[in-house]
Amino acid sequence: MSKPDVTAHSLPPRLHPLPLRIMHWINALAIFIMIGSGWKIYNDDVIFGFLHFPDWLVIGKWAQYGLQWHFFGMWIFVLNGLAYISYGIATGRFRRKLFPISVREVFATIGEALRFHLRHDDLTHYNAVQKVLYLGIMLVGILIVISGLALWKPIQFSELAGLFGSFQTIRLVHFLCMSAILAFILVHVTLALLVPQSLVAMVTGGPIVDEGQRQAAPAAPEIEATP
Ligand code: HEM
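Keep in mind it's a predicted model, so treat the numbers as computed, not measured. Per chain, residues are indexed from 1 in the order of the written sequence. Given that the model is predicted, a residue must reach a pLDDT of at least 70 before its local features are reported, and side-chain atom pairs must reach 80 or more before they are shown or counted; all residues, however, enter totals for whole chains, interfaces and linings. Side-chain numbers come from the whole structure's heavy atoms, not from hydrogens or water.

(A) Representation of the packing of helix α1 (residues 18–44) against helix α8 (residues 196–204) in the model. Only the contacting stretch of a helix is used when fitting its axis, a line to C-alpha atoms as for every element, and angles between N-to-C directions run 0 to 180 degrees. Put simply, DSSP H or I for four residues or longer makes a helix, DSSP E for two residues or longer makes a strand, and each gets a number counted from the N terminus. Axis separation between α1 and α8 bottoms out at 8 Å; the angle between their running directions is 110°. Judged by the inter-axis angle, α1 sits roughly perpendicular to α8. Contacts between α1 and α8 involve L20, R21, H24 and W25 on the former and, on the latter, L199, A201, M202, V203 and T204. Side-chain classes are defined by residue name, with Ala, Val, Leu, Ile, Met, Phe, Trp, Tyr, Cys and Pro counting as nonpolar, Asp, Glu, Lys and Arg as charged, and the others, Gly among them, as polar. Of the residues assigned to the contact of α1 with α8, the class counts are 6 nonpolar, 2 polar and 1 charged. Here the word oblique covers every angle except those under 35 degrees (roughly parallel), over 145 (roughly antiparallel) and from 65 to 115 (roughly perpendicular). Contacts: residue pairs with any heavy atoms within 4.5 Å of one another.

(B) Structural view of the packing of aromatic side chains. Only rings of Phe, Tyr and Trp enter the pairing, Trp through its six-membered ring, and a pair is recorded when the two centres are within 6.5 Å. The plane angle decides the type: under 30 degrees is stacked, over 60 is edge-to-face, the rest tilted. According to the stated counting rule, one finds 11 aromatic pairs in the structure shown. Here Y42 and F175 contribute two aromatic rings whose centre-to-centre distance is 5.2 Å and whose plane-to-plane angle is 35°, an arrangement assigned as tilted. Here the residue Y42 occupies a position in helix α1, and F175 occupies one in helix α7 (residues 167–194), the gap between them amounting to 133 residues. There is no split in this pair, since Y42 and F175 are both buried. Ring plane angle 70° and centroid distance 6.3 Å describe the contact between Y134 and F184, whose orientation is recorded as edge-to-face. Taken together, the positions of Y134 in helix α5 (residues 128–152) and F184 in helix α7 put the pair 50 residues apart, joining distant regions of the chain. Working definition: with a 1.4 Å probe on protein chains only, accessible area under 20% of the residue-type maximum means buried, over 50% means exposed, and in between means partly exposed.

(C) Structural view of the site of the ligand. With respect to spatial proximity, 22 residues lie near the ligand, and among them H24, Y84, H120, Y126 and H188 are the closest. Any N or O atom pair separated by 3.5 Å or less is treated as a polar contact, with the protein-specific requirement of one donor-capable and one acceptor-capable atom, and with residues adjacent in sequence counted only for side-chain atom pairs. Side-chain polar atom of Y126 to an oxygen atom of the ligand: 2.5 Å apart, as the coordinates give it. Between a nitrogen atom of the ligand and a side-chain N or O atom of H188, the distance comes to 2.6 Å. For the shell around the ligand, the secondary-structure elements that each account for two or more residues are α1, α5, α7 and α8. Per-element tally for the shell around the ligand: the top contributor is α1, with 6 residues. Residue composition of the shell around the ligand, by class: 14 nonpolar, 7 polar and 1 charged. Whether a residue is near a molecule or strand is decided by its heavy atoms; if any one of them lies within 4 Å of it, the residue is near.

(D) Looking closely at the coordination of the iron atom of the ligand. Because no water is among the atoms considered, metal sites can look incomplete, with donors defined as N, O and S atoms within 2.8 Å of the metal, or 3.2 Å for Na, K and Ca. Note on the iron atom of the ligand: its protein donors are H24 (NE2) and H188 (NE2). The metal-donor distances range over 1.9 to 2.0 Å. Coordination at the iron atom of the ligand is octahedral, judged from the 6 donor atoms that bind it and the angles of 82 to 179° they form at the metal. Separated by 164 residues along the polypeptide, H24 in helix α1 and H188 in helix α7 bring together distant segments of the chain. Sites are called tetrahedral only when four donors show all angles between 85 and 135 degrees, square planar or octahedral only when four or six donors show opposite pairs over 155 degrees and all other angles between 65 and 115, and irregular in any remaining case.

(E) Looking closely at unusual backbone geometry. Cis peptide bonds are those with omega within 30 degrees of zero, and the linkage from F99 to P100 qualifies with -5°. In this structure, P100 sits in the loop between α3 (93–98) and α4 (103–114).

(F) Structural context of the pattern of salt bridges. What counts as a salt bridge is simple: a side-chain nitrogen of Lys or Arg found within 4 Å of a carboxyl oxygen of Asp or Glu. Using the criterion set out here, one finds 1 salt bridge in the structure. Between D45 and R171 there is a salt bridge; the shortest N-O distance is 3.4 Å. Residue D45 is found in the loop between α1 and α2 (63–90), and its partner R171 is found in helix α7; the two are separated by 126 residues along the sequence.

(G) Up close: the side chain of Q130. Of note, Q130 is situated in helix α5. Note on Q130: relative accessible area 13%, which makes it buried. The contact partners of Q130, leaving out residues within four places of it in the chain, are H120 and H125.

(H) Inspection of α5 at higher detail. Under the convention used throughout, the expected extent of a helix is 1.5 Å for every residue step, that is, one less than its residue count. Between its first and last C-alpha, α5 extends 36 Å over 25 residues, near the 36 Å set by a 1.5 Å rise per residue. Residues A128, Q130, K131, Y134, I137, M138, V140, G141, I144, S147, G148 and A150 constitute the buried set of α5. Against α2, α3, α4, α6 (158–164) and α7 lie the buried residues of α5. For α5, the side-chain oxygen to backbone nitrogen distance between the N-cap and V129 is 3.0 Å, and the N-cap itself is N127.

(I) Region of the structure containing the side chain of R171. With relative accessibility at 12%, the residue R171 sits in the buried group. Looking at R171, its side chain comes within polar contact range of the main-chain oxygen of D45, at 2.4 Å.

Coordinates in, geometry out; function isn't part of it.
Given below as structure tokens:
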């Protein structure tokens, strides 16, 4: 007996597979909650006297509510982040899309960007600066979680907290990581809006790619459903 042709019913591989897109947008939501609620908590005991976040920008009516939102967002951010990193490693996506990185290419890409010559017409290929930014933001994500753990449970994680020095230093590291994420988002979202097809691809999956080569391939011919 011949086997059923399952390929006719399986979805063709896309540039951004569905699990990746779901995790990306969950992450964006989690970051929104974490930053808004973090600013509310910060306002209760500021690090920089000149910096208070206005009420309309923060999440949580009182600091205690801000804290609850922060813990809620934390679980989403951490579990989703672990899933994303495991997925990126297990499927080989990180190896394929983020490596190798050449220092020469990083400088060349920065030069192109400064001369407004940066092109992103091939969505299937991240340029050297994108690779550095994506890897960098993942490291910042790990550091913000570690410093957050040390702030949340300084006694249970006393050895971890000890690595930073004082409690105020941990707060500062946590704050600087938030600032780096914010700067990344400003650049990242601006670029996404400048190259709208990249934004559409992060929603729809983008072009169909060849699984073996992972290059953009012409769209597969429509397969007619047979009764
Ligand atoms: C509303 C907010 C956001 C928008 C509109 C957005 C948009 C996008 C788009 C369009 C891409 C595909 C880039 C390309 O094909 O060149 C992308 C990829 C990516 N974004 Fe975002 N993003 C947002 C928030 C974030 C946040 C908050 C983070 C992390 C802190 C993040 C991290 C990443 C990473 C790591 C990738 C690469 C994913 C991969 O290929 O594995 N994004 N984003």
